[in-house]
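Structure assessment
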There are 2 protein chains.
Amino acid sequence: MTRIALDAMGGDNAPGEIVRGGVEAAVGLDDVKVILVGIQDAIDAELAKYPKDVAKARAAGKLEVVAASEVLEMDDEPAKSVRAKTDCSINVAMRLVKDGKADAFVSAGNSGAVSASAIFILKRIKGVHRPAIATVLPTRRPIRPLLLLDAGANMDCHPDWLVQFAIMGNAYSKAVLKRTKPLIGLLSIGTEDCKGNEMTKETFALLKEVKSIDFRGNVEGHDIFQGQTDVVVCDGFVGNVVLKTAESLVHSIKYFLKKECFKGIARIMGAILLKGAFKSLKQQLDPDIYGGAPLLGVPGAVIITHGSSSHKAIYHAVRVGANAARNDVSGLIAHDIEEYESTRKTL
Amino acid sequence: MTRIALDAMGGDNAPGEIVRGGVEAAVGLDDVKVILVGIQDAIDAELAKYPKDVAKARAAGKLEVVAASEVLEMDDEPAKSVRAKTDCSINVAMRLVKDGKADAFVSAGNSGAVSASAIFILKRIKGVHRPAIATVLPTRRPIRPLLLLDAGANMDCHPDWLVQFAIMGNAYSKAVLKRTKPLIGLLSIGTEDCKGNEMTKETFALLKEVKSIDFRGNVEGHDIFQGQTDVVVCDGFVGNVVLKTAESLVHSIKYFLKKECFKGIARIMGAILLKGAFKSLKQQLDPDIYGGAPLLGVPGAVIITHGSSSHKAIYHAVRVGANAARNDVSGLIAHDIEEYESTRKTL
């Protein structure tokens with residue numbers, strides 16, 4: 001049984017959607033146990049809404065609650081508050097992973113706080129300069145989503161860090177996204193070697209020499225959604241801006257389309273006929289099904305989901321967390337990083 | 001009459017689409033004269049396709065051809081080749097502006113080459129650290145498009161440059177986009193003052209002190225398409241990535257939607273009923289109507305349009321170039337930059 005510690009208090013829709021998603025995962029996913037971590041009363045009140053499922057999951061030993069006495073607020077200063085509120089749900093859940101009582105951790109809470117807690121409690125994998133948040137984006141080819149990292153954990157990055165992001169992303173793509181030979185790209189402003197800023201140019205030169213990855217060179221914003229690259233690395237500032245821009249654009253297009261579709265009876269009829277097409281489009285662009293963003297570089301499977309996560313997003317995040325734990329992503333990363341860094345030293 | 005030098009040889013669809021757009025602008029725009037610059041034979045061959053319009057424009061003194069003996073290829077190294085090919089269409093047109101024989105220059109050629117030629121021939125406006133490419137993006141509010149700069153002219157930027165980008169963008173927004181009091185934002189990863197990388201944090205502190213602009217603080221990728229900010233500044237690496245990501249996402253959504261709309265008779269009928277809605281959506285997202293990206297910070301109106309510009313894009317770029325020249329954007333920028341830099345010196 002893979003045990004997933006789930007932060008019941010994290011996210012805009014906590015604890016309602018989180019507990020619901022957790023119960024659904026406990027019932028729906030094979031060999032997965034969900035450990036809800038948070039304020040006992042709040043969790044119990046939510047669990048009471050699904051008596052049948054809860055009873056079923058509990059009987060199968062697939063659902064448990066671990067109490068935490070504190071909650072991190074979204075406007076708390078992340079790094080400070082995880083140190084101050086030692087018994088907040090994020091820290092309690094993280095300690096379950098640290099102590100071997102859980103195999104993975106899932107949270108829709110503040111990504112800065114989750115990262116800080118992970119680094120504080122789990123520390124880093126040996127040799128890793130900086131853990132990074134990797135995010136999975138849909139592309140034109142549904143079977144080939146893109147892993148983009150860093151999506152916001154590190155602002156000003158050193159080229160050496162980006163090289164490690166590539167190695168860590170490569171491991172995750174193979175182990176969890178099941179790409180046999182992931183193609184790695186460096187986000188830049190042109191495909192030619194010489195294009196980019198100082199940081200990407202230095203990174204390019206280093207990535208070319210990494211034996212364990214298949215580096216295809218620079219990729220542009222144009223390439224992100226093409227489904228021709230498996231892992232794209234960039235600094236956390238650029239990654240975060242790209243991610244939010246894409247989200248915002250999708251929302252704006254939905255907004256335009258909706259407005260246009262309600263102009264007149266004929267259009268409304270057309271929209272009804274196309275309901276299935278719109279639904280399918282929405283699903284293809286829906287980040288929820290990709291199950292959140294793994295924090296790579298810490299010894300343990302840590303999955304951060306969107307602050308606005310629905311129960312469905314939580315369900316998939318639990319699934320992905322279980323997957324990451326079962327495939328020992330951290331172990332693979334530790335191996336690949338050690339191999340790369342020892343080769344560098346011998347040179 | 002506002003005289004626009006139009007690079008007939010620049011862009012993927014040159015000279016065909018460029019000449020066509022130039023003729024349409026000469027006929028359709030009041031008080032605008034189009035000066036086609038490029039290989040004489042190639043231009044004449046295209047002009048021969050529109051004998052009536054050409055005759056009409058010529059009779060009104062609204063169309064002229066100035067020969068250039070060389071052409072810059074898209075794969076030429078930009079900065080080098082504009083120096084080597086002194087008689088290429090970009091340089092010839094730029095000299096028309098320099099010599100007061102044209103009021104603005106429009107090109108769909110390589111943006112690096114156009115920028116290099118502009119800086120080489122026109123030099124910079126006094127006090128400007130680095131000219132920047134500003135690009136106009138559609139937002140949810142059609143009357144309030146967003147000016148994003150730098151869109152790719154400068155990779156590694158100093159905070160002082162970004163402050164000037166804000167001042168230049170402010171001037172352009174007022175003069176050409178007709179915003180009376182433009183709201184200026186700094187692209188970052190959170191709205192709080194403390195969020196961002198080292199460069200944006202330093203820029204934030206400087207922008208707060210600029211009296212001549214209305215600085216609203218950090219804006220996120222989320223805000224770009226909301227229509228609540230008029231000018232957003234960032235370094236050219238980030239700006240270029242944002243721009244290309246957005247373009248790529250729009251294409252991917254079109255691709256998904258098309259595929260879905262052809263699945264079955266009912267959907268095809270629905271799509272027919274919604275044809276108008278799709279067309280309107282396309283128009284709202286169409287960068288062509290915004291008429292290309294001004295290069296701000298050089299003494300002269302220089303407009304760079306997309307490499308794949310159609311005749312329609314060229315028509316609008318000529319319109320925007322005329323607008324920028326008539327409103328003396330360069331003069332306004334020179335004034336605002338001088339004012340800002342002299343205040344800084346007194347401090």
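Just so it is clear, the structure is predicted and the values come from calculations on it, not from any experiment.

**Some words on the interface of chain A and chain B**
Counting from both sides, the interface comprises 50 residues of chain A and, opposite them, 50 residues of chain B. Summing the contributions of chain A and of chain B, the shared interface buries around 5,000 Å²; its carbon and sulfur component is 72%. When residues of chain A are sorted by the area they lose upon contact with chain B, Arg140(A), Phe237(A) and Phe256(A) head the list and together hold 14% of the total. The tally of links between chain A and chain B comes to two salt bridges. Measuring nitrogen to oxygen at the nearest pair gives 2.4 Å for the salt bridge that ties Glu220(B) to Lys244(A).

**Let's talk about the relation of the copies chain A and chain B**
The transformation that overlays chain A on chain B combines an axial shift of 0.0 Å with a rotation of 180°, and the residual RMSD is 0.0 Å. What the rotation and shift describe, once combined, is the action of a two-fold rotation axis. Scanning chain A for the C-alpha nearest the rotation axis identifies Gly270(A), at a separation of 1.9 Å. Mapped onto chain B, 100% of the interface residues of chain A are again interface residues, and the two copies thus contact each other with one and the same surface.

**Remarks on the sheet that holds strand β10 (residues 293-296) of chain B**
All names here are of chain B. Strand order in the open sheet made by the eleven strands is β3-β2-β1-β4-β11-β10-β5-β6-β9-β7-β8, with mixed pairing throughout. Strands at the two margins of the open sheet, each flanked by one partner only, are β3 (63-67) and β8 (214-219). Each neighbouring strand pair of the sheet contributes to a mean axis angle of 25°, computed without reference to strand direction. Inspection of the sheet shows strand β2 (residues 32-38) paired to β3 by five bridges, in the parallel sense. Residue Ile35 lies in a different strand from β3, and its bridge partner there is Glu64. Running over the sheet, helix α9 (residues 236-261) touches β5 (132-137), β6 (146-149) and β7 (183-187) and is turned about 135° from β6.

Scoring rules and cut-offs
Residues numbered from 1 in each chain as written. Chains lettered and ligands numbered in written order. Predicted model: local features only at pLDDT ≥ 70, side-chain atom pairs only at ≥ 80, totals over all residues. Heavy atoms only, no water. Contact = heavy atoms within 4.5 Å. Buried area = accessible area lost by both parts, 1.4 Å probe. Salt bridge = Lys/Arg side-chain N within 4 Å of Asp/Glu carboxyl O. Least-squares fit on C-alpha atoms with pLDDT ≥ 70 in both. Pairing = 2+ DSSP bridges. Helix = DSSP H or I, 4+ residues; strand = E, 2+ residues; numbered from the N terminus. Axes fitted to C-alpha atoms, helices over the stretch in contact; angles between N-to-C directions.

Keep in mind these values describe shape, not function.
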